[in-house]
Amino acid sequence: MLPDGTPAPATLARAVAAADLARAQPDAAIICSGSHGVGRKPRRSEAASMADLIVERLIDRGRIFLEDESRDTIGNAIYVAERYLGAIPARRIFLVTSPFHLERSVETFRLVLGPAWEIEGVPSAPAPDDGERAKHEPRFLMQTRAYLAGIAPGEVARMVAKLRRAPPR
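Now for a quick tour of the structure. (Residues numbered from 1 in each chain as written. Predicted model: local features only at pLDDT ≥ 70, side-chain atom pairs only at ≥ 80, totals over all residues. Heavy atoms only, no water.)

**Considerations on the side chain of arginine 14**
Consideration 1: Checked against the element boundaries, arginine 14 lands in helix α1 (residues 9-24).
Consideration 2: Setting aside residues up to four positions removed in sequence, arginine 14 forms contacts with Glu46, Met50, Val96, Thr97, Ser98 and Ser124. (Helix = DSSP H or I, 4+ residues; strand = E, 2+ residues; numbered from the N terminus. Contact = heavy atoms within 4.5 Å.)

Now the structure itself:
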């Protein structure tokens with residue numbers, strides 16, 4: 001989210017891609033993930049703002065669920081698993097994110113959910129600041145692996161406990 005509370009270009013691009021995917025998968029639920037971030041808190045969470053953008057693209061709000069506690073990709077995966085995916089059988093899921101962020105996002109969800117889940121990454125259109133943000137991906141991926149080391153994929157309760165006790169930096 002931008003400081004004025006409006007969606008960042010990357011958030012808008014992801015919402016457009018999610019709405020396109022929702023039209024192609026009319027029976028699929030949509031989970032929008034992301035909190036208010038760090039620092040100054042905008043009026044609406046990233047998840048709520050993304051849901052609004054998807055609804056503006058004529059997708060039924062009844063299909064949309066929010067995870068608005070997470071502050072990063074690790075939290076996205078853990079809280080989505082805890083709230084929504086842990087109670088259902090493993091299946092194929094689509095993960096929509098920025099192109100530069102796709103590899104790390106998919107790997108993070110695999111590390112959280114385990115091999116029974118088929119995770120298909122779907123890239124949004126690029127956003128103007130993707131190039132700058134992409135520079136940090138290799139370091140963030142190493143940090144993700146280190147953070148989840150010692151916890152087996154699928155041990156979501158242990159991951160939630162760790163996340164609440166010691167969030168990633």
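After that view, the rundown keeps rolling.
**A word on the environment of alanine 8**
Consideration 1: Within the fold, alanine 8 resides in the segment before α1.
Consideration 2: Residue classification places alanine 8 among the buried residues on the basis of a relative accessible area of 14%.
Consideration 3: With 38 residues separating them along the chain, alanine 8 and glutamate 46 place their C-alpha atoms 9.2 Å apart.
Consideration 4: In this structure alanine 8 touches Met1 and Leu2, once residues within four positions along its chain are discounted. (Buried < 20%, exposed > 50% of the residue type's maximum accessible area, 1.4 Å probe, protein only.)

**Things to note about helix α3 (residues 73-85)**
Consideration 1: Where burial is concerned, most of α3 is hidden: 10 out of the 13 residues are buried.
Consideration 2: Of the positions making up α3, those classed as buried are Thr73, Ile74, Gly75, Asn76, Ala77, Ile78, Tyr79, Val80, Ala81 and Leu85.
Consideration 3: Those residues of α3 that are buried are in contact with β1 (30-33), β2 (64-67), β3 (92-97), α4 (102-113), α6 (137-148) and α7 (156-165).
Consideration 4: Two or three places before isoleucine 74, at the opening of α3, aspartate 72 has a side-chain oxygen 3.3 Å from that residue's backbone nitrogen. (Polar contact = N/O pair within 3.5 Å; in protein donor to acceptor, adjacent residues only side chain to side chain.)

**Re the pairing of strand β4 (residues 118-123)**
Within a regular beta strand, the side chains point alternately toward one face of the sheet and then the other, so they alternate between its two faces.
Consideration 1: Bridge analysis of β3 against β4 gives six bridges, and the strand direction is parallel. Pairing of isoleucine 93 across the sheet is with isoleucine 119, part of β4. (Pairing = 2+ DSSP bridges.)

**Examining α4**
Every α-helix winds through 3.6 residues per turn, so residues three or four apart in the chain are directed the same way.
Consideration 1: Between its first and last C-alpha atoms α4 spans 16 Å; for 12 residues at 1.5 Å apiece the expected length is 16 Å, and the two agree.
Consideration 2: Among all positions of α4, only Leu102, Arg104, Ser105, Val106, Glu107, Thr108, Phe109, Val112 and Leu113 are buried. (Expected span 1.5 Å × (residues − 1).)

**Examining the packing of aromatic side chains**
Consideration 1: Summed over all chains, the structure comprises one aromatic pair.
Consideration 2: The positively charged end of arginine 83 is found above the aromatic ring belonging to tyrosine 79, 5.9 Å away from the centroid.
Consideration 3: In this structure, lysine 162 is placed above the aromatic ring of tyrosine 147, and the distance from its NZ or CZ to the ring centre is 4.3 Å. (Phe/Tyr/Trp six-rings, centres within 6.5 Å; stacked < 30°, edge-to-face > 60°. Lys NZ or Arg CZ within 6 Å of the ring centre and 35° of its normal.)

**Concerning unusual backbone geometry**
Among all residues save glycine, negative phi is the norm, and among peptide bonds the norm is trans.
Consideration 1: We note that leucine 58 has phi near 70°; this positive angle belongs to a residue other than glycine.
Consideration 2: Counting through the fold element by element, leucine 58 comes out in the loop between α2 (46-56) and β2.

**Examining the nonpolar core**
Consideration 1: Judged by nonpolar contacts, the single largest core of 22 residues is most densely connected at Ile78, Ile93, Phe109, Val112, Leu113 and Ile119.
Consideration 2: Looking at this core, the elements with two or more residues in it are α3, β3, α4, α6 and α7.
Consideration 3: At seven residues, the largest contribution of residues to this core is made by α3.
Consideration 4: With near-sequence residues (within four places) excluded, phenylalanine 109 lies in contact with Asn76, Ala77, Val80, Ile93, Leu95, Gly114 and Ile119.
Consideration 5: Within the second largest apolar cluster, 13 residues are counted, among which are Ala18, Ile30, Ala51 and Ile59. (Core = buried A, V, L, I, M, F, W, Y, C linked by side-chain atoms within 4.5 Å.)

Geometric descriptors of this kind do not, in isolation, establish any biological role.
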